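Structural overview for review
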Amino acid sequence: MKHSVRHYLFKLKWLLATAIFVVFVGFVGENCLMNRWEQKKEISRLKSEIDEQNRKFERDRVTLERLKNNPDAIKEVARERYFMKTDDEDVFVFQDED
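Residues numbered from 1 in each chain as written. Predicted model: local features only at pLDDT ≥ 70, side-chain atom pairs only at ≥ 80, totals over all residues. Heavy atoms only, no water.

The subject of this paragraph is helix α2 (residues 13-27). The terminal C-alpha atoms of α2, which comprises 15 residues, lie 21 Å apart, in line with the 21 Å expected from a rise of 1.5 Å per residue. Just downstream of α2, G29 is the residue with a positive phi angle, here 100°. (Helix = DSSP H or I, 4+ residues; strand = E, 2+ residues; numbered from the N terminus. Expected span 1.5 Å × (residues − 1).)

Have a look at this one:
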């Protein structure tokens, strides 16, 4: 007894439907697995950037408190960050070549 291809497809319709669904969900559309993987990488990168910005914020907040409460800290920050000097001194700046 010969069976046609149509007969086999009819018998395996649920398997075929499931395979098409898996392919569609996995590889086609805006919510496919590849897009989700890229989005997770982007989220991870943004979280690390948020952590870095929070560390900078905390460091600057501490510096600002020092500047508000200590007049000598103003001179220290001006000399270290902006290379300012008084009239009677010379400033030499050394930079690493790395």
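Once the structure has been displayed, the description carries forward.
Our focus in this paragraph is the pattern of salt bridges. Evaluation of the coordinates by the stated rule reveals six salt bridges. We note a salt bridge from R45 to E49, for which the minimum N-O separation is 3.2 Å. Of this pair, R45 and E49 both sit in helix α3 (residues 33-69), separated by four residues, roughly a single helical turn. Residue classification places R45 among the partly exposed residues on the basis of a relative accessible area of 42%. Judged by its relative accessible area of 40%, E49 falls in the partly exposed class. The closest approach of N and O atoms between E52 and R55, which form a salt bridge, is 2.7 Å. One end of the pair, E52, and the other, R55, are both in helix α3, three residues apart, so they sit about a helical turn from each other. Through salt bridges with shared partners, a single ionic network connects E42, R45 and E49. (Salt bridge = Lys/Arg side-chain N within 4 Å of Asp/Glu carboxyl O. Buried < 20%, exposed > 50% of the residue type's maximum accessible area, 1.4 Å probe, protein only.)

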